[in-house]
Amino acid sequence: MDDFHIHTIYSDGTDDVTDILNLTQGFDMFSITDHNNINACKEVHMDNFIPGAEFSCLVDQNEIHVLGYNFDLDNKDINKLLNEYNYENNKAFLEAFYHINERYGFNIDNSKILSLVNRGVSLNKVNLSNILLDNSIGSDIYEVYEKYVKAFLPTSLYYHKIDEIIDSIKQAKGYVLLAHPYEYRFDDADSLIRKLKFKGIDGIEVTVKDFDRSLETIKKYELIYNGIQFSAKEII
């Protein structure tokens, strides 16, 4: 069994690295692909581990996510891109936290969210919702998000262009795959994939619900692929 799309508490996951290592015992191969964050990857030193990350970027002013795999974690360009992204977006999410606190009069101490930043976490809607939940606000994370957090999410986030992301991953000797290729705001997913293939992506992520469609695309454009229970030999 393999899994090449795992998130940790360094982004919007619920498990820390120790939890992930326990959950992946017996896996042939696995990868951690936190959103715009490689700190968890730097904590793992196993022969069956492939370092990765899920990068947020722009194509024609639309947000998409690409998965980078098996790149050099110490590459200066990769780390520069991630540091720039997290500086700007953590700042935006901190402002959202302060607005929520002020708007609803919660008076939540900011030490928890600042500690996340200091630990190298990429802030997101899950972090904000959990902090409120931990302060006995709401009954579950979905209620907290819908009722308090959703309306205050940053409306303008910092993104790098897709070309910068692809070039940096390639320079770091990595592979680039389009994440969940059929979930974006493009009228024609095939056109998006064709455009990204021209720009240098190596493949696409295969999901269960789009399995047959994905295989057709893979054959058409001669792409590599990943996905739960897919062999790692397809990407390295």
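Just so it is clear, the structure is predicted and the values come from calculations on it, not from any experiment. (Residues numbered from 1 in each chain as written. Predicted model: local features only at pLDDT ≥ 70, side-chain atom pairs only at ≥ 80, totals over all residues. Heavy atoms only, no water.)

A.B. asks: Mind showing me how you'd approach the confidence of the model for the chain here?
C.D. replies: Detailed conclusions should not be drawn from predicted coordinates in areas where pLDDT is low. Per-chain confidence: the chain averages 92 in pLDDT, with 96% of residues scoring 70 or above. No element of the chain has a lower mean pLDDT than strand β8 (residues 224-226), which averages 90, and none a higher one than strand β6 (residues 175-178), which averages 98. When the criterion is pLDDT under 50, residues 229-236 qualifies, and its contacts beyond four places in sequence or with other chains add up to 27 contacts. (pLDDT = per-residue confidence, 0-100. Helix = DSSP H or I, 4+ residues; strand = E, 2+ residues; numbered from the N terminus. Contact = heavy atoms within 4.5 Å.)

A.B. asks: Explain the nonpolar core to me, please; I cannot follow it from the model alone.
C.D. replies: In globular proteins that are soluble, nonpolar side chains generally tend to be buried together. One finds F55, I64, V66, F71 and L178 to be the most contacted residues of the largest nonpolar core, which totals 68 residues. Element by element, the count of residues in this core is highest for helix α2 (residues 76-104), at eight residues. Leave out the neighbours within four places in its chain, and F55 touches N36, I64, H65, V66, G68, F71, I78, L82, I165 and I169. (Core = buried A, V, L, I, M, F, W, Y, C linked by side-chain atoms within 4.5 Å. Buried < 20%, exposed > 50% of the residue type's maximum accessible area, 1.4 Å probe, protein only.)

A.B. asks: Would you take a moment to explain the side chain of S31 for this structure?
C.D. replies: Positionally, S31 belongs in strand β2 (residues 29-32). At a separation of 2.6 Å, a polar atom in the side chain of S31 contacts the main-chain carbonyl oxygen of I50. Once residues lying within four places of it in the same chain are set aside, the contact partners of S31 are D3, F4, H5, I6, F49, I50, P51, G52 and Y69. (Polar contact = N/O pair within 3.5 Å; in protein donor to acceptor, adjacent residues only side chain to side chain.)

A.B. asks: Looking at this model, I keep getting lost on the packing of aromatic side chains. Mind explaining?
C.D. replies: The final tally for this structure, using the stated rule, is seven aromatic pairs. Ring centres of Y104 and F152 lie 6.0 Å apart, and the angle between their planes is 70°; this geometry places the pair in the edge-to-face category. Of this pair, Y104 sits in helix α2 while F152 sits in the loop between α5 (141-149) and β5 (160-161), and the two are 48 residues apart along the sequence. Judged by centre distance (5.2 Å) and plane angle (80°), the rings of F106 and Y148 are edge-to-face. Taken as a pair, F106 in the loop between α2 and α3 (111-118) and Y148 in helix α5 lie far apart in primary sequence, 42 residues in all. Given the relative accessible area of 22%, F106 is considered partly exposed. By the ring-pair criterion, three or more aromatic residues cluster together here, those being Y104, F106, Y148 and F152. We note R103 situated over the ring of Y104; from NZ or CZ to the ring centre the distance is 5.0 Å. (Phe/Tyr/Trp six-rings, centres within 6.5 Å; stacked < 30°, edge-to-face > 60°. Lys NZ or Arg CZ within 6 Å of the ring centre and 35° of its normal.)

A.B. asks: Looking at this structure, I do not really get the pairing of β2. What am I missing?
C.D. replies: Looking along a regular strand, one sees the side chains alternate between the two faces of the sheet. Burial along β2 is two-sided: M29 and S31 and F30 and I32, pointing in opposite directions, are all buried. Sheet topology places strand β1 (residues 2-6) next to β2; three bridges connect them, and they run parallel. Along β2, the bridge assignment pairs I6 with I32. In this fold, β1 hands off to helix α1 (residues 17-23), which returns the chain to β2; that crossover is right-handed. Strand direction decides the pairing type here: β2 and strand β3 (residues 49-59), joined by three bridges, are parallel. What sits directly across from F30, in β3, is F49. (Pairing = 2+ DSSP bridges. Right-handed = clockwise from strand over helix to strand, strands pointing away.)

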